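Structural characterization, general
As a plain string of letters, each chain reads:
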Amino acid sequence: MYNKQGFLPRLGVRLSVVAGALALLIALPWEKNIDTQFNWDRSTIPNTGDQDGRTFTRTVLQITSHGTPLEAWLYLPKHTSSPPPVLVMAHGMGAQKDIGLFMYAEKFVDAGMAVLIFDYRCFGGSGGLPRHWVSPRRHIQDWHAVVAHVQATNLGGQVDGSRIALWGVSYAGGHVLVTAAKFGSNISAVIANEPYVSPAAVLGTTGIRGVGRTLRLLAVGLSDTLRHLLGKVGLRLPPVYLRLVAPITDPKALALLPLQESEMAIRNVHAPPKRQGGWQNKVLARVVLEALGYNPSRHFSKIIAPIFFRVASLDHLCPPSVVLSAVKKSGWPEQQYIIQERNVTHLEAHSTGVREQDIKPVIAFLREHLGLGAGDAGAAAGQETLSVEGAEELAETQFPSS
């Protein structure tokens, strides 16, 4: 029989426990590796503006996404007789365009294509608050806004918006696949570098962190999420920031991405000492919860464009086994994709990916599917065009699996 006198006290105790737990979460920081401060530095940074190079020009553009301006760099090859096709690029989790992407852009523009690199909202030269808000939902909105803008405007007649390829690395390697699914036949080719394709990659890092650090990470993510929700009803609290990267070997370090010592040593190699927006090694902790529901592989069946996957056999953040499993389940015909594997770690793959022998098959793939022939800019620089099969053969001979 229902006992009202016994039920109400028990309910009160339970609600008090829940309220206390929520209050404790919201009352962060109680973790050494988190904080609630971020200084948005809007000062001008050298080498981030317009450029006039020997073979290309670079112009700073603004593209709007959901009411917020995104800053982009447009690279255009010189000596073209008609508007070139365009490769749209953006960086991975917690990174921005002035952290190494110019190296790739210069290789691609020299091959005859235009290149458009943009920063997500709340990163780099783009607007938006709070800063360093990593969100797969918002990032994909930005991708869609940029691609739609290129299609609609041809960037003022400077590019051919009917020939668009996508390039993304790590988290953005998943974003480009979702974007390709959205735009269907309007995307000519996709380059997915060490891509995040499913939550299986997140679960894989749980074993590296251990149960204790994983629970701490979830608690910090929940705290920031609760603060964000309270802000929507008028109770404003500062957001919670979590370190983006930290060494695996530090048992006390709490970060979104645990890196090997070799990766920690090279992570700043291709970044200037001061970056746009005052970049810091931190991101909003709310991404911890959102990332659990992000699964780009669910969109694979809608992708029409040919895809060049680059994976790293020593990658513990986006393991090649997860990528290969998702590709196997996609139902794609074998001629639709190429998988290139190199014996490097996640960050090493990015930092070494611009070497001539490493990037040559990628350029050949892009030139083929963007319709760049022998008469286009880039051909005189020794760039060959290859079919999917030809590029795949080149990739296999130069990058044997470990």
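Bear in mind the structure is a predicted one, so any value in this text is a computation, not a measurement. (Residues numbered from 1 in each chain as written. Predicted model: local features only at pLDDT ≥ 70, side-chain atom pairs only at ≥ 80, totals over all residues. Heavy atoms only, no water.)

Residues Leu116, Phe118, Leu166, Leu177, Leu256 and Phe309 are the most contacted members of the largest nonpolar core, which totals 74 residues. When residues no more than four places from it in sequence are discounted, the contact partners of leucine 177 are Val190, Ala192, Val197, Phe300, Ile303, Ile307 and Phe309. Core analysis: the second largest hydrophobic core is formed by 30 residues, Leu87, Ala111, Leu366 and Leu370 among them. (Core = buried A, V, L, I, M, F, W, Y, C linked by side-chain atoms within 4.5 Å. Buried < 20%, exposed > 50% of the residue type's maximum accessible area, 1.4 Å probe, protein only. Contact = heavy atoms within 4.5 Å.)

Turning next to the pairing of strand β9 (residues 241-247). Along β9, six of the seven residues are buried, which leaves the element largely enclosed by surrounding structure. Where strand β1 (residues 34-35) meets β9, two bridges bridge the pair, whose relative direction is antiparallel. Directly across from aspartate 35, in β9, lies its bridge partner tyrosine 241. Judged from the three bridges that link them, β9 and strand β11 (residues 282-284) form a sheet pairing that is antiparallel. Its bridge partner being in β11, tyrosine 241 is matched across the sheet by leucine 284. With four bridges connecting them, β9 and strand β10 (residues 255-259) associate as parallel partners. Residue pairing for β10: arginine 243 is matched across the bridge by alanine 255. (Helix = DSSP H or I, 4+ residues; strand = E, 2+ residues; numbered from the N terminus. Pairing = 2+ DSSP bridges.)

The nine strands are arranged β2-β3-β4-β6-β5-β7-β8-β12-β13 in an open sheet whose pairing can be described as mixed. The two strands at the open ends of the sheet, each matched to only one other strand, are β2 (51-52) and β13 (337-342). Here strand β5 (residues 86-90) pairs with strand β7 (residues 164-169) via five bridges, running parallel. The residue bridging alanine 90 from the neighbouring strand is glycine 168, located in β7. The sheet contacts of helix α9 (residues 320-330) involve β12 (307-312) and β13, and relative to β12 the element is tilted by about 150°. Strand contacts of helix α11 (residues 356-369): β5, β7, β8 (187-193), β12 and β13, with the helix running at about 165° to β8, the strand carrying the most contacts. (Axes fitted to C-alpha atoms, helices over the stretch in contact; angles between N-to-C directions.)

Take a nonpolar patch on the surface next. Together, Val211, Leu215, Leu218 and Leu292 make up a nonpolar patch on the protein surface, roughly 360 Å² of accessible area in all. The residue leucine 215 is located in helix α6 (residues 211-232) in this model. On the basis of relative accessible area, leucine 215 is assigned to the exposed category, the value being 54%. (Patch = residues over 30% accessible without salt bridge, like charges linked within 9 Å, V, L, I, M, F, W, Y side chains within 5 Å. Areas by Shrake-Rupley, 256 points an atom, 1.4 Å probe, with all protein chains shown as cover. Salt bridge = Lys/Arg side-chain N within 4 Å of Asp/Glu carboxyl O.)

With that out of the way, let us pick up the pattern of salt bridges. Tallied over the full model, the rule gives 11 salt bridges. For the salt bridge of lysine 97 with aspartate 119, the shortest nitrogen-to-oxygen distance reads 2.6 Å. Residue lysine 97 is found in the loop between β5 and α2 (101-110), and its partner aspartate 119 is found in the loop between β6 (114-118) and α3 (136-157); the two are separated by 22 residues along the sequence. We note that lysine 97, like aspartate 119, is buried. Ionic pairing is found between aspartate 224 and arginine 286, a salt bridge with its closest N-O pair at 2.7 Å. Remark: arginine 286 occurs in the loop between β11 and α8 (287-291) and aspartate 224 occurs in helix α6; sequence separation between them is 62 residues. The pair aspartate 224 / arginine 286 is uniform in exposure class, with both members buried. Three or more residues are tied together by salt bridges with common partners; here these are Glu71, Lys97 and Asp119.

A word on the packing of aromatic side chains. Enumeration over the complete set of coordinates arrives at 13 aromatic pairs. For the ring pair tyrosine 104 and phenylalanine 108, a centre distance of 6.5 Å and an interplane angle of 35° mean the geometry is tilted. Placement of both tyrosine 104 and phenylalanine 108 in helix α2 is noted, with a separation of four residues, approximately one turn of the helix. Phenylalanine 108 shares its class with tyrosine 104; the two are buried. Ring centres 5.5 Å apart and planes at 85° place the aromatic pair phenylalanine 118 and tyrosine 120 in the edge-to-face group. No difference in accessibility class separates phenylalanine 118 from tyrosine 120, as the two residues are buried. Aromatic rings pair up to connect Phe300, Phe309, Trp332 and Tyr337 into one cluster. The ring of tryptophan 73 has lysine 97 lying over it, and the distance from NZ or CZ to the ring centre is 5.0 Å. (Phe/Tyr/Trp six-rings, centres within 6.5 Å; stacked < 30°, edge-to-face > 60°. Lys NZ or Arg CZ within 6 Å of the ring centre and 35° of its normal.)

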